[in-house]
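Results of the structural survey
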Amino acid sequence: MTDSFRGRVHKAWPDFVTDDRVARLIVFPRYVPLLQRLHEHPPDLLTMVEHITDCLHALFHDAQILHRDVSAYNIMWQPSDESPDRKGKFILCDFDLAIVTGGGAAVPATPAKTRVATAPHRTGTLPFLAIELIKSPETLHRLHHDYESLFWVVLWCAMKADYHKVGTDRKAIDKLLNKWESIYPEVILLEKKDDLTVSGRSFTRHQVK
């Protein structure tokens, strides 16, 4: 607040108490939403998987951080200054639910050595949450749950992006994805289990090699 404006305020309201505030801004590079990037460059879906897999591995094993909220909305594309259209990298952002594991463990080691996320509920964005965490909210969030979330991100992007061949049943796909975005965990759980079933056969972690 400038001295001139402060003087006018006190003249109009003598008893009014004012406090100066400092505006602070965090400036980031320009990021492009994941789906927008895939609309323009569909082959980048595989590049995204490579980048985010490496990121999750480095976060956990090097920085001792478990992200716990891998979703299509938390993955962005950072263009390169040299070639914005072609070169760049995918960025994992939004660490609000992240946790410092302490010593590389999948769960907090001791309260004294780790900072725990304060969320008392499921950690993650429901459409991309691992099946185990949807089924049992009390389950401790581990690294493999983040990798499973990345799998659901890939499947969601493959169905959501409008680069399908002519004749694709867009309404059927949108209807399926709407179930993923339900506010009811049991609906999402049933839909994800159906998505993992091919011709009546359900594939589990032990069956897929």
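Here goes a summary of the coordinates provided. What you see is a predicted model, and the numbers here were worked out from it, not measured in a lab.

Moving on to the pattern of salt bridges. Evaluation of the coordinates by the stated rule reveals 1 salt bridge. R37 serves as the salt-bridge partner of D44, at 2.7 Å between the closest nitrogen and oxygen. Given a relative accessible area of 13%, D44 falls into the buried group. Since its relative accessible area comes to 3%, R37 is described here as buried.

Before going further, it helps to examine the packing of helix α5 (residues 143–160) against helix α6 (residues 170–180). Look at α5 against α6: their axes get within 10 Å of each other, and the N-to-C directions meet at 150 degrees. Looking at the two axes, α5 sits roughly antiparallel to α6. The hand of the α5/α6 crossing is left-handed. Contacts between α5 and α6 involve W152, L155, W156, M159 and K160 on the former and, on the latter, R170, I173, L176, L177 and W180.

One non-glycine residue, Q64, adopts positive backbone phi at about 60 degrees. Within the secondary structure, Q64 is located in the loop between α3 (44–61) and β2 (65–66). By relative accessible area, Q64 is classed as partly exposed at 29%.

On to α5. The terminal C-alpha atoms of α5 lie 26 Å apart, and with 18 residues this matches the ideal 26 Å at 1.5 Å per residue to within 8%. Three or more residues of α5 are buried, namely L143, H145, D146, S149, L150, W152, V153, W156, C157 and M159.

Here the focus is the packing of aromatic side chains. Under the criterion given, the structure shown has 5 aromatic pairs. Between F128 and W156, the ring centres sit 5.6 Å apart and the planes meet at 80 degrees, which makes this aromatic pair edge-to-face. Of this pair, F128 sits in the loop between β5 (99–100) and α4 (131–135) while W156 sits in helix α5, and the two are 28 residues apart along the sequence. Residue class for W156 comes out buried when judged on its relative accessible area of 4%. With 5.0 Å between their ring centres and 70 degrees between their planes, F151 and W152 make a pair best called edge-to-face. Exposure remark for F151: the relative accessible area of 41% places this residue in the partly exposed category. Among the residues examined, W152 registers a relative accessible area of 0% and is labelled buried. A connected cluster of aromatic rings, assembled from ring pairs, spans Y73, F128 and W156. Here the guanidinium or amino end of R37 rests over the ring plane of W77, the centre of that ring lying 4.0 Å away.

On to the environment of K89, then. Tracing the backbone through its elements, the reader meets K89 in strand β4 (residues 88–92). Measuring from C-alpha to C-alpha, the distance between K89 and D44 comes to 9.8 Å, with 45 residues separating the pair along the chain. Every residue in contact with K89, bar those within four places of it in the chain, is listed here: H51, M76, W77 and Q78.

Thresholds applied
Here, residues in each chain are numbered from 1, in the same order as that chain's written sequence. Per-residue local features are limited, in this predicted model, to residues with pLDDT of at least 70; the limit for side-chain atom pairs, both in listing and counting, is 80 or more; totals at the level of whole chains, interfaces and linings are taken over all residues. Side-chain metrics in this entry use all non-hydrogen atoms of the structure; hydrogen atoms and water are not considered. Just to be clear on terms, a salt bridge is a Lys or Arg side-chain nitrogen sitting within 4 Å of an Asp or Glu carboxyl oxygen. Buried, partly exposed and exposed residues are distinguished by accessible area as a fraction of the type maximum, computed with a 1.4 Å probe on protein chains only: under 20%, between the cut-offs, and over 50%, respectively. Only the stretch in contact is used when a helix axis is fitted, and all axes are lines through C-alpha atoms; the angle between N-to-C directions ranges over 0 to 180 degrees. Secondary structure follows DSSP: runs of H or I at least 4 residues long count as helices, runs of E at least 2 residues long count as strands, and numbering of each begins at the N terminus. Angle categories are assigned with fixed cut-offs, so that under 35 degrees is roughly parallel, over 145 is roughly antiparallel, 65 to 115 is roughly perpendicular, and the rest are oblique. The hand of a helix crossing depends on one turn: near helix anticlockwise from the far one by less than a right angle means left-handed, and clockwise means right-handed. In this analysis, two residues are considered to be in contact whenever any of their non-hydrogen atoms come within 4.5 Å of each other. Residue count minus one, scaled by 1.5 Å, sets the expected span of a helix. Geometry of aromatic contacts follows a simple scheme: Phe, Tyr and Trp rings, the Trp one being its six-membered ring, pair when their centres are within 6.5 Å, and the pair is stacked under 30 degrees between planes, edge-to-face over 60, tilted otherwise. Criterion for a charge above a ring: Arg CZ or Lys NZ at most 6 Å from the ring centre, at most 35 degrees from the ring normal.

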